[in-house]
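Working through the structure, step by step
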Amino acid sequence: MQGTGETLPQLHIGGLHVGYGRRRIIEALDLPALEGGTVTALIGPNAAGKTTLLRALAGLVPAKGSIRLDDVELTGLSVAGHARHVTYMPQALPQRVALTVFEATLSALMSSRGGALSTADAHARALDALARLGISDLAMRGLDELSGGQRQLASLAQSIVREPAVLLLDEPTSALDIHHQLRVMQLVAELARERSIIVVIVLHDIAQAARYAQRVVVLQNGAVAADGTPEAAITPETLARVYRVEARVERCSHGFLQVIVDRAV
Ligand SMILES: Nc1ncnc2c1ncn2[C@@H]1O[C@H](COP(=O)(O)OP(=O)(O)OP(=O)(O)O)[C@@H](O)[C@H]1O
């Protein structure tokens, strides 16, 4: 936890190459360390390589180079080896499964922490994950009878309950109404702080990235086009170069960055 003098975990990414077959998507990517307790938003245009980067960090596509969590080198670990440190919530929701929301959340927890927890503790943690997402009322509903947004929230519950060191979320609010989008973003920021988790979240909503992330990495053609605080990374110049839009970046009356897009160029 921050403020206790404890060292925060760090994820180091160096000389990373990722591709599909012969097709190179990410080449020689270096990122200054991603730190525990911090939400990093990964933004960029379609096909920039955001999902590919998250999948490489999760060990789901082969990568060359180094992905190091403190002193543990993750490249070369099996998918299960990665899963001990990293939880990845994909963009596409899982196939419909014949489990209740509570059972699926509990099963996600047991698969990551298994024997280490008593049954009572595991149940309490699963219920807490549902409560924090505001979906306690869905606990006994089958996953196959949920709406798209409810399924996305159930899927988030399965990701956060694992309490990973690194949490990778690929467009986790894409199916949610505005209330639930904000609720999820607030929760993700809180969890990062409380548990010193390294969170990387792919977002298309630039204003939400600016509001909830402490760091924004802009990806373009598999390379870093900007990286820094929201103020440093989200500028009219970057938006013009990367997204090909004429845009203004202004502060609203509450002090949050807003992006006003005037036109595509
Ligand atoms: N399984 C795959 N096999 C071959 N090429 C792939 C595969 N998955 C993605 N790609 C290619 O990799 C590139 C990057 O895709 P990726 O999904 O990482 O982009 P993205 O930034 O997440 O895009 P979006 O914002 O559209 O979701 C694209 O050109 C895509 O066609």
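You'll find the structure just up there.
Worth saying up front: this structure is predicted, and the values here are computed from it rather than measured. (Residues numbered from 1 in each chain as written. Predicted model: local features only at pLDDT ≥ 70, side-chain atom pairs only at ≥ 80, totals over all residues.)

1. Focus on helix α4 (residues 119–132)
How we decide: Here a helix means four or more residues in a row that DSSP labels H or I, a strand means two or more in a row labelled E, and each is numbered from the N terminus. Multiplying 1.5 Å by the residue count of a helix minus one yields the expected span of that helix. Counts of 20 or more other C-beta atoms within 10 Å of a residue's own C-beta define buried residues, counts of 12 or fewer define exposed ones, and intermediate counts define partly exposed ones; C-beta atoms are placed from the backbone. Directions pointing from the helix axis toward each C-beta atom define the arc. Working definition of a contact: two residues with C-beta atoms, positioned from the backbone, lying within 7 Å.
Its 14 residues place the ends of α4 20 Å apart at the C-alpha level, agreeing with the 20 Å of an ideal helix rising 1.5 Å per residue. All of the buried residues in α4 are Ala-126, Ala-129 and Leu-130. One side of α4 holds all its buried residues, which, seen down the axis, span an arc of 100 degrees. Residues of α4 that are exposed and angled more than 90 degrees away from the buried face: Ala-120, Asp-121, Ala-124 and Ala-131. In this structure, the buried side of α4 is in contact with α3 (101–113) and α5 (148–160). Where α4 ends, the next residue or the one after it, Gly-134, has phi of about 75 degrees, a positive value.

2. Considerations on the pairing of strand β9 (residues 215–220)
So the rule is basically this: Here the rule is simple: two strands pair whenever DSSP picks up at least two bridges between them.
With respect to burial, β9 is a largely interior element, five of its six residues being buried. Note that strand β3 (residues 39–43) and β9 share four bridges and pair parallel. Across the sheet, the residue bridging to Ile-43 is Val-218, located in β9. Bridge count between β9 and strand β10 (residues 223–228): five bridges; the pairing is antiparallel. By the bridge assignment for β10, Val-217 is matched with Asp-227. Linking β9 to β10, which pair antiparallel, is a turn of two residues; within it Asn-221 sits at a positive phi near 50 degrees.

3. Observations regarding unusual backbone geometry
A positive phi angle, near 50 degrees, is found at Asp-70, a position not held by glycine. Counting through the fold element by element, Asp-70 comes out in the loop between β4 (63–69) and β5 (72–73). A positive phi angle, near 50 degrees, is found at Glu-163, a position not held by glycine. Note that Glu-163 resides in the loop between α5 and β7 (166–170). Taking the C-beta count within 10 Å as the criterion, Glu-163 has 17 such neighbours and is therefore assigned partly exposed.

4. Some words on the pairing of β7
Just so we agree on the cut-off: Here, the term right-handed applies to a crossover whose path from the first strand over the helix to the second runs clockwise when the strands point away from the viewer.
Along β7, five of the five residues are buried, which leaves the element largely enclosed by surrounding structure. Residue alternation in β7 divides its side chains into two sets, Val-166, Leu-168 and Asp-170 and Leu-167 and Leu-169, and both sets are buried. One ladder, built from four bridges, connects strand β6 (residues 86–89) with β7; its direction is parallel. Residue pairing across strands places Val-86 opposite Val-166, the latter belonging to β7. As a crossover connection, the stretch from β7 through helix α6 (residues 178–195) into strand β8 (residues 198–202) is right-handed.

5. Considering the nonpolar core
Looking at soluble globular proteins, one finds that nonpolar side chains tend to be buried together. Basically, it comes down to this: Put simply, a nonpolar core is buried Ala, Val, Leu, Ile, Met, Phe, Trp, Tyr and Cys residues tied into one set by C-beta atoms within 7 Å.
By size, the foremost hydrophobic cluster in this structure holds 70 residues, and its most contacted members are Ala-157, Leu-168, Ile-201 and Val-216. Looking at this core element by element, the count peaks at six residues for α3.

6. Overview of the sheet that holds β8
Let me state the cut-off plainly: Axis lines are fitted to C-alpha atoms, over the contacting stretch for helices. Their N-to-C directions set the angle, which ranges from 0 to 180 degrees.
Taken in spatial order, the six strands make up an open sheet running β6-β7-β8-β3-β9-β10, and their pairing is mixed. Two strands lie at the open edges of the sheet, namely β6 and β10, each paired on one side alone. Averaged over all pairs of adjacent strands, the angle between their axes in this sheet comes to 15 degrees, without regard to strand direction. Sheet contacts for helix α9 (residues 236–243): β9 and β10; angle to β10, the most-contacted strand, approximately 160 degrees.

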